[in-house]
Amino acid sequence: MSLRLTPAATLCALSALTLGYSVNALAETTLSALFMTQAAYSEADIRAMTADFTKQHPDIKVNLEFVPYEALHDKIVAARGAGDKGYDVVLFDAIWPAEFNKYGLLQDVTARIPADESSKIFDGAISTVTYKDKRWGMPWILDTKYLYYNKAMLAKAGITTPPATWADVEKQSEILKAKGIVKYPLVWSWSQSEALLCDYTTLVSAFKGDFYKDGKLNFTNSGAMKAINYMKETLDKGLTNPNSREYLEEDVRKSFSNGDAAFALNWTYMYNMANDPKQSKVAGDVGVIPAPAETAGGASGVNGSMGLGIAKASAHPDQAWEYISYMTSQPVQNKYAKLSLPIWKSSYEDPAVQKDQEQLIAAAKTSLNVMLSRPVTADYSRLSNILQQNIQAVLQGKTPAKDGMEAATTAADRLR
């Protein structure tokens, strides 16, 4: 016996089926994710990664928002007031977990990361998302600053090997300037911003300094003073482009790529962009080495790594973690390794990752093991502003280095 439906019943059945599909469509989860438009992965890369993720997860939609690095911190903090209407996934700097933990801005994801997975990741990357022995996200951008140099300029000056120490950088810059090869051999990102502190920290690392004395913040130790004195001396000698005091990393890249500098301190992403003839006049002449140390054979670095975390108020933590897990996975990181190197140790032996950036990979294997962290404090934003202002005062010639760093130390002590 067969069941026959009347036209009206058939219409009702089709309507119910259509309604079912509508309900399923409405069940789609929408995530809001916050990223930056500065260094590391490009916006196009992140959009492409996300598009691939949503193809594999059709039930999850991701709304992307991009802001300059300088706005990233405040955006995350401000979103706290939006509750579950704010962000689900946020990109955060290595220096923020202490503060974000204090104010409850990130979810603890320690239990979501298998121990055997952590062992496959560089320690410097893991430290980026760790505070009080808990994980507050997955490391995503593993980065430090490298010393880039123009091979053709050095050869023209009769310099046969890249500098082995910061003193060598200064001496070679003097030769380049004296021979009229380039007006300002050195370019840095010394604007009154976090970029300045990354360059400063690299030099503090080079001169074997740190940011503490007897457990308290202190910026007058020998290494810290050598760092600020080196910065000022290269300005006074006309070796550093004075515009560096207004430059961010992209300004440094453009200056170097335009052939206006022989040396530049910058992140990983600059290597392939400076070697791209479509956007660089010096493509093919770009050399890169670990940022040097005070003595030959050493290296220096700053931990400029960043992680992806789940915002505390996210109503979709499981889906947010699926997205984070995908974005930080080894296959995805290997595919997009031209602007940001992977967090995974074994990736550095992958021929596809190494291709056309063997020199950068060689430098990374050294640099990623010597990264100095900027000061760890729950009041980092205010401390950063204090340091930026005082270092800038020194670089602008408004105050002697000793006075400026003593003032920074005194002001930092008041934060306690």
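Residues numbered from 1 in each chain as written. Predicted model: local features only at pLDDT ≥ 70, side-chain atom pairs only at ≥ 80, totals over all residues. Heavy atoms only, no water.

- Naming follows an unreviewed UniProt entry, where the chain appears as Extracellular solute-binding protein of Rahnella ecdela.
- Under the UniProt heading Subcellular location (unreviewed entry), the note attached to the chain is "Periplasm".
- Heading Sequence similarities (unreviewed entry) of the UniProt record for the chain holds this comment: "Belongs to the bacterial solute-binding protein 1 family." (UniProt positions renumbered as here; feature names shortened; annotations may be inferred.)

Side note on the packing of helix H10 (residues 222–236) against helix H17 (residues 380–395)
Then, in step 1: Interhelical geometry of H10 versus H17 gives an angle of 35 degrees and a closest axis separation of 9 Å. The handedness of the crossing between H10 and H17 is right-handed. Where H10 approaches H17, its residues Ile 228, Met 231, Lys 232 and Leu 235 are matched on the opposing element by Ile 391, Val 394 and Leu 395.
Then, in step 2: Residue composition of the contact of H10 with H17, grouped by class: six nonpolar, no polar and one charged. (Axes fitted to C-alpha atoms, helices over the stretch in contact; angles between N-to-C directions. Helix = DSSP H or I, 4+ residues; strand = E, 2+ residues; numbered from the N terminus. Left-handed = near helix turned anticlockwise from the far one by under 90°. Contact = heavy atoms within 4.5 Å. Nonpolar A, V, L, I, M, F, W, Y, C, P; charged D, E, K, R; others polar.)

Points about the layout of surface pockets
Then, in step 1: For the largest pocket, the calculated volume is near 250 Å³.
Then, in step 2: Lining the largest pocket, in full, are Tyr 69, Glu 70, His 73, Asp 74, Trp 96, Ser 193, Glu 194, Tyr 380, Ser 381, Ser 384, Asn 385 and Gln 388.
Then, in step 3: Looking at the lining of the largest pocket, the elements with two or more residues in it are helix H3 (69–78) and H17.
Then, in step 4: Of all the elements, H17 adds the most residues to the lining of the largest pocket, at five residues. (1 Å grid on protein atoms, 1.4 Å probe; cavity = no way out; pocket = protein on both sides within 12 Å on 5 of 7 lines; lining within 4 Å. Points joined across faces, edges and corners; volume = space filled by probe spheres on them.)

Quick word on the sheet that holds strand E8 (residues 186–187)
Then, in step 1: Spatially, E8-E11-E7-E12 is the arrangement adopted by the four strands of the open sheet, whose pairing is mixed. The open sheet has two edge strands, E8 and strand E12 (286–290), and neither has a second partner.
Then, in step 2: Direction of pairing for E8 relative to strand E11 (residues 263–266): parallel, over a ladder of two bridges. When the bridges of E11 are listed, Leu 186 appears paired with Phe 263.
Then, in step 3: On the sheet, helix H8 (residues 166–178) packs against strand E7 (146–150), E8 and E11 and is oriented at approximately 140 degrees with respect to E11. (Pairing = 2+ DSSP bridges.)

Points about the sheet that holds strand E2 (residues 60–67)
Then, in step 1: As summarised here, the arrangement of the five strands in space is E2-E1-E3-E14-E6, forming an open sheet in which the pairing is mixed. Where the open sheet ends on each side, the last strands, each with one partner, are E2 and strand E6 (138–141). With strand direction ignored, the average angle separating the axes of adjacent strands in the sheet is 30 degrees.
Then, in step 2: Across the sheet, helix H2 (residues 43–56) is in contact with strand E1 (29–36), E2 and E6; its angle to E2 comes to roughly 170 degrees.

Observations concerning the pairing of E1
Then, in step 1: With seven of eight residues buried, E1 is to be regarded as a mostly interior element.
Then, in step 2: Across eight bridges, E1 lies against E2 in parallel orientation. Note on E2: the bridge partner recorded for Leu 31 is Val 62.
Then, in step 3: Inspection of the sheet shows E1 paired to strand E3 (residues 89–93) by two bridges, in the parallel sense. (Buried < 20%, exposed > 50% of the residue type's maximum accessible area, 1.4 Å probe, protein only.)

Some points on the packing of aromatic side chains
Then, in step 1: Under the criterion given, the structure shown has 14 aromatic pairs.
Then, in step 2: Relative to Phe 219, the ring of Phe 211 lies with its centre 6.0 Å away and its plane at 55 degrees, an arrangement referred to as tilted. Judged on exposure class, the residue Phe 211 and its partner Phe 219 are both buried.
Then, in step 3: The structure contains a cluster of three or more aromatic residues connected by ring pairs, namely Trp 166, Trp 188, Trp 190, Phe 207 and Tyr 230. (Phe/Tyr/Trp six-rings, centres within 6.5 Å; stacked < 30°, edge-to-face > 60°.)

Structural notes on the nonpolar core
Then, in step 1: Trp 166 and Tyr 200 are the most contacted members of the largest nonpolar core, which totals 128 residues.
Then, in step 2: Non-local contacts of Trp 166, meaning those with residues more than four positions away in its chain, are made with Leu 147, Trp 188, Leu 203, Ala 206, Phe 207, Tyr 230, Leu 265, Ala 291, Pro 292, Ala 293 and Ser 300.
Then, in step 3: Residues Cys 198, Trp 267, Met 273 and Val 302 belong to the second largest nonpolar core, which totals seven residues. (Core = buried A, V, L, I, M, F, W, Y, C linked by side-chain atoms within 4.5 Å.)

Section: unusual backbone geometry
Most peptide bonds are trans, and most residues other than glycine sit at a negative phi.
Then, in step 1: Of note in this structure, Lys 208 is not a glycine but carries a positive phi near 60 degrees.
Then, in step 2: Its identity is not glycine, yet Asp 356 carries a phi of approximately 70 degrees, on the positive side.
Then, in step 3: If you trace the backbone, Asp 356 turns up in the loop between helix H15 (351–354) and helix H16 (358–367).
Then, in step 4: A residue is classified by how much of its surface remains accessible, and Asp 356, at 52% relative accessible area, is exposed.

Describing the environment of Ala 79
Then, in step 1: Looking at the element boundaries, Ala 79 is found in the loop between H3 and E3.
Then, in step 2: On the accessibility criterion, Ala 79 (16% relative accessible area) is buried.
Then, in step 3: Expressed as a C-alpha distance, the spacing of Ala 79 and Tyr 230, which sit 151 residues apart in the sequence, is 40 Å.
Then, in step 4: With sequence-adjacent residues up to four places away left out, Ala 79 is seen in contact with Gly 86 and Tyr 87.

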